[in-house]
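Observations on the model geometry
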Amino acid sequence: MSPYAEFASQDVQVEWLAGIMRGAAVQQSKKTLGEMAGLFHDANALCSMDESTVVYRVQWTEPVPLGTEGGLFWGSTTIAPGRVGDEYFMTHGHYHLKRDRGEYYGAISGKGMLVLMDEDRATRTEAMFPGSLHFIAGGNAHRVVNTGEEPLLFWACWPSDAGHDYASIKTQGFGARVLHRHGGPVVIPA
Ligand code: M6P
Ligand code: ZN
């Protein structure tokens, strides 16, 4: 049987502006400050915060099994506003395990930055704002930082065989951090 046949029976609805997905096939996860220890540069600031604070939530659907070539996954991410010391709340960030796989991000509400890093650690940012669309080319690690005072919501579409390489980010980080300086966000080489 085709790995795509099952999708016909999936029933997922989205509330585009709220970033909410509904249906039996919808998966969800959240990331707390405690789970993100080591990713923010100010470990002392993190210690004084409630480790159960939710930094971001993700909802997504996998219409074909993870790893299937030729499928696409779809999901939303909502990053809370906040900072650990001078560093804005952000996603973990990842490369794709299959490095040549790309992805789309599209922002709905809030404001922030998409941090992109190639395999030579060259790092750049793109502004995220309602209506911004971001093509993440294969080979680029990607992280989203919420620099605003409201939740930052974006939709994403990625290949079902892309996979997530979190270990490289955990050990090596990104080539830049987005920090709150003089009342606003500044990109600082790391
Ligand atoms: C987007 C997609 C997902 C990713 C999520 C959170 O929705 O890229 O694949 O899981 O953002 O990002 P991260 O996995 O880096 O925590
Ligand atoms: Zn990705």
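Heads up: the structure comes first, above all this text.
In this text the structure is predicted, and so the values were computed from the model without any measurement.

With that settled, consider the site of ligand 1. In the region of ligand 1, 14 residues are neighbours, and Tyr56, Thr77, Glu103, His164 and Tyr166 sit closest. Within the side chain of glutamate 103, a nitrogen or oxygen atom sits 2.6 Å from an oxygen atom of ligand 1. In isolation ligand 1 exposes 370 Å². Once the protein is present, 95% of that is buried. Among the cavities detected, the one that contains ligand 1 is the largest pocket. Elements that contribute at least two residues to the shell around ligand 1 include exactly strand 4 (54-61), strand 8 (103-109) and strand 13 (152-159). With 3 residues, the single largest contributor to the shell around ligand 1 is strand 13. Here the residues of the shell around ligand 1 are counted per class, giving 7 nonpolar, 6 polar and 1 charged.

On to the side chain of glutamate 87. Structurally, glutamate 87 is set in strand 7 (residues 87-88). A distance of 2.7 Å separates the side chain of glutamate 87 from the side chain of arginine 177, its partner in a polar contact. Sequence-distant contacts of glutamate 87, that is, excluding residues within four places in its chain, are made with Leu39, Phe40, His41, Gly82, Arg177, Val178 and Leu179.

Moving on: the coordination of the zinc ion (ligand 2). Each protein donor to the zinc ion (ligand 2) is listed here as His94 (NE2), His96 (NE2), Glu103 (OE) and His142 (NE2); together their distances run 2.0 to 2.2 Å. Taken together, the 4 donor atoms coordinating the zinc ion (ligand 2) span angles of 86 to 154° at the metal, a pattern that classifies the geometry as irregular. Within one chain, the residues serving as donors to the zinc ion (ligand 2) are arranged as H-x1-H-x6-E-x38-H.

This part is about the pattern of salt bridges. Inspection of every chain in the model, using the stated rule, returns 9 salt bridges. Across the pair arginine 181 and aspartate 86 runs a salt bridge, and its minimum N-O distance is 2.9 Å. Separated by 95 residues along the polypeptide, arginine 181 in strand 14 (residues 176-181) and aspartate 86 in the loop between strand 6 (83-84) and strand 7 bring together distant segments of the chain. Take arginine 181: its relative accessible area is 32%, and that puts it in the partly exposed class. For arginine 124, the salt bridge goes to glutamate 126, with nearest N and O atoms at 3.1 Å. Through salt bridges that share partners, Lys98, Asp100, Arg101 and Asp161 make up one connected network.

Moving on: the sheet that holds strand 12 (residues 141-146). Across the sheet, 3 strands lie side by side as 10-9-12; this open sheet has antiparallel pairing. Looking at strand neighbours, the two that pair on one side only are strand 10 (123-128) and strand 12, the edges of this open sheet. Here the average twist between neighbouring strands, direction ignored, is 25°. Inspection of the sheet shows strand 9 (residues 112-117) paired to strand 12 by 6 bridges, in the antiparallel sense. Counted as the bridge partner of methionine 113 is valine 145 from strand 12.

Scoring rules and cut-offs
Residues numbered from 1 in each chain as written. Chains lettered and ligands numbered in written order. Predicted model: local features only at pLDDT ≥ 70, side-chain atom pairs only at ≥ 80, totals over all residues. Heavy atoms only, no water. Near = heavy atom within 4 Å. Polar contact = N/O pair within 3.5 Å; in protein donor to acceptor, adjacent residues only side chain to side chain. Areas by Shrake-Rupley, 256 points an atom, 1.4 Å probe, with all protein chains shown as cover. 1 Å grid on protein atoms, 1.4 Å probe; cavity = no way out; pocket = protein on both sides within 12 Å on 5 of 7 lines; lining within 4 Å. Sits in = over half its atoms within 2 Å of the grid points. Helix = DSSP H or I, 4+ residues; strand = E, 2+ residues; numbered from the N terminus. Nonpolar A, V, L, I, M, F, W, Y, C, P; charged D, E, K, R; others polar. Contact = heavy atoms within 4.5 Å. Donors = N, O, S within 2.8 Å, 3.2 Å for Na, K, Ca; no water. Tetrahedral: all angles 85-135°; square planar, octahedral: opposite > 155°, others 65-115°. Salt bridge = Lys/Arg side-chain N within 4 Å of Asp/Glu carboxyl O. Buried < 20%, exposed > 50% of the residue type's maximum accessible area, 1.4 Å probe, protein only. Pairing = 2+ DSSP bridges. Axes fitted to C-alpha atoms, helices over the stretch in contact; angles between N-to-C directions.

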